[in-house]
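Structural description and commentary
For reference, the chains in residue letters:
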Amino acid sequence: MKRFICLLLAMLLAMGCCAAGEDFFIKTYPLSENGECIVNDVPFLTQPAPDDNERVFYEIFVGSFSDSDGDGIGDLRGIINRMDYLNDGDPDSGLSLGIEGIWLTPVFLSPSYHKYDVTDYYTIDPQFGTMEDLKELIALCHQRDVKLILDLPINHTGKNSRWFKNFVNAHVLNNPGNQYYDFYTWATEGDTLPAGRTFAKEYGTKLLYEANFSDQMPEPDFDNPFVRQTMLDVALHYLEMGIDGFRFDAAKYIYFGDNDASAAFWAWYIGELQAVKPDVYTVAEVWDGEGIIDRYLPTTSCFHFAASQTEGLIAATAKGGDVNGYTATMEHYIQRVRAKGARPTLFISNHDMDRAAGYLTAASGHMKTAASLYLLSPGSPFLYYGEEIGLRGSRGGANTDANRRMAMLWGDGDTVRDPAGTTYTKQSTYTVKDLSRIGDSLYNHYKQLIMLRKANPEIARGEYTALRFADTKLGGFTCTWNGSTVAVLHNTTIRDQTIDLSAATDLPFTVVAGYAGAGKAVLEGSLVTLSGQTSAVLRMAAE
């Protein structure tokens, strides 16, 4: 038995050496007074980046993030209490995650745990706190140069909304003069209904209302000027309060099945917001192919769904794929999006998807590699809370999205619990507290990547040019901004790779500005050697 264990350990050591290159590489960092690693290997060589929207955003499913009052439900005060974790206000402290923007899933009054069926857009759900809590969070974010955006689901409201109650009453009283009579798209029992659209029947009446997502989510009629102004007033209210922008849920369904009409609506709506706040941040959920998404891009940025999830380009490349193919595809995507005036918006998972740690895994190194691929890219990438600690969750056969929205694992006594209805039983056992103390943990990798991105602002804002190398999976790109150029290289394989930069570019890169992953980066003349599953940022000495 002892001989078997020794052999097994020797094999594991050998595998580890292969994954990290010739030398077994273990990353270590100094520790804070609390025992947390201080990431200190990212030199800030450039001036601070401008106050723009090219930021790393962090999606928080509010009810699952952090609980401040012991009721098991995450809340706004919990987020306020965790701001030092998210961003401590010091870009190179090496202690906080360092995110630059926060997307809050809906916080408005609602009967559900997910809050996408809004009862009142002007009231914070008591489970999450108060309007004063939101204002305090806005102020704290702005003190630390973090932008805060709200999830604004206006394609549908909740059935408990007073607007819907007024709508039903107007029909029961047969009062077409009531301003709410046509607030929602409706028909009468026996009418021929539009093909492909779903209508629900109001109990005790012959009234049908459009409800393509759920009979608890009636859909307003956006041909009605009163509806348009009412929904615009909601967004204007929060802009006046200090909110920096919005994520628009189900954006292509404003006019169900008519993308041209939906895109025209958003052009009007966002144009009205920009008239008040020219730099308002907007991103839309248009879960569709490029041809459809392109119709919305002149107005707003849209999430790049094609690169996300299990079969997406990021995951496929992270699993040892060819980076040259990845950067060529990204070059086309980034140029296409920017040509339409929008912003590249990459992510690997969100609250409607199975969590990335289930199909990439931290142990394989694929989670780290995927993070390097999409965070070290232009635009405003979004990471989903818990992604940085390998939080897991999937629908499986349970057919419940609650499994994708499970409680953040803090390890410090936080009382936040999984939402009702969860059935997932294979959750990670690692917490923030655990991983903050391990130098080469997934969490510290995310910290390092975000620091690298901030320290080299060309990555987020620069003109993207794919570098093409032959006979290797190692690849990369350059980004040029304000007369300065950096190169970003990725090795997704498990072995050391060496390439000659002069085969792809004439630019004289001479400095390794930083590297992240399983190993190291060495630059000797025009030759770059990257350890397996490692990424690097290169600069020129004159900069």
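No experiment lies behind these values; they were computed from the predicted model shown. Every chain is numbered independently, its residues counted from 1 as its sequence is written. Totals for whole chains, interfaces and linings use every residue, but because this is a predicted model, local features are given only for residues with pLDDT of at least 70 and side-chain atom pairs only at 80 or more, for both listing and counting. Water and hydrogen atoms were dropped before computing side-chain values, which therefore reflect all heavy atoms in the structure.

Turning next to the sheet that holds strand 14 (residues 475-481). For two strands to be treated as a pair, DSSP must find at least two bridges joining them. Helix numbers and strand numbers start at the N terminus; a helix is a DSSP run of H or I with at least 4 residues, a strand a run of E with at least 2. Here we have 5 strands laid out as an open sheet, ordered 13-14-15-20-17, and antiparallel in their pairing. The open sheet is flanked by strand 13 (463-467) and strand 17 (511-517), the only strands paired with a single partner. Neighbour-to-neighbour, the strand axes of this sheet turn through a mean angle of 20 degrees, independent of strand direction. Those strands touched by helix 10 (residues 323-339) are strand 13, strand 14 and strand 15 (484-491), and its axis lies near 155 degrees from that of strand 13. To define axes, lines are fitted to C-alpha atoms, for helices over the stretch in contact only, and angles between the resulting N-to-C directions are given on a 0 to 180 degree scale. For this analysis, residues touch if any pair of their heavy atoms sits within 4.5 Å.

Values of pLDDT, the confidence the predictor places in each residue, fall between 0 and 100. In the predicted model, the chain carries a mean pLDDT of 93, and 94% of its residues have values of at least 70. Overall, residues 1-24 carries pLDDT values under 50, and its contacts beyond four positions in sequence, including any with other chains, amount to 16 contacts.

All right, on to the sheet that holds strand 2 (residues 101-104) then. Pairing is parallel in the open sheet, where 7 strands are placed in the order 11-10-9-5-2-1-12. This sheet does not close on itself; its edge strands, each paired only once, are strand 11 (301-302) and strand 12 (382-384). Pairing analysis gives 4 bridges linking strand 9 (residues 245-248) to strand 10 (residues 281-284), with the strands arranged parallel. Following the sheet pairing, F248 is matched in strand 10 by A284. The strands that helix 7 (residues 259-276) touches are strand 5 (147-152), strand 9 and strand 10; relative to strand 9, the one it contacts most, it runs at about 165 degrees.

One speaks of a salt bridge when a side-chain nitrogen belonging to Lys or Arg is within 4 Å of a carboxyl oxygen belonging to Asp or Glu. In total, this model carries 30 salt bridges according to the counting rule given. Across the salt bridge formed by E54 and R343, the nearest N and O atoms sit 2.8 Å from each other. With E54 in the loop between helix 1 (2-20) and strand 1 (57-60) and R343 in the loop between helix 10 and helix 11 (366-375), this residue pair connects regions lying 289 residues apart in the sequence. Its salt-bridge partner being E189, residue K201 comes within 3.3 Å of it at the nearest N-O pair. Linking K201 in strand 7 (residues 199-201) with E189 in the loop between strand 6 (186-188) and strand 7, this pair joins segments that are 12 residues apart in sequence. Judged by its relative accessible area of 40%, E189 is partly exposed. Each of D352, D354, R395, D401, R404 and R405 takes part in salt bridges that share partners, so that together they form one network. A simple rule labels every residue: compare its accessible area, found with a 1.4 Å probe on the protein chains alone, to the largest value its type can have, and call it buried under 20%, exposed over 50%, or partly exposed in between.

On to the environment of T369. Looking at where T369 falls in the secondary structure, it is placed in helix 11. Note: C-alpha distance between T369 and I314 (55 residues apart in sequence) is 9.0 Å. Sequence-distant contacts of T369, defined by excluding residues within four places in its chain, comprise A318, T492 and Q533. Polar contacts, as counted here, are pairs of nitrogen or oxygen atoms within 3.5 Å of one another; within protein the pair requires one atom able to donate a hydrogen and one able to accept it, and residues that are adjacent in sequence qualify only if both atoms are side-chain atoms. Looking at T369, its side chain comes within polar contact range of the main-chain oxygen of G365, at 3.0 Å.

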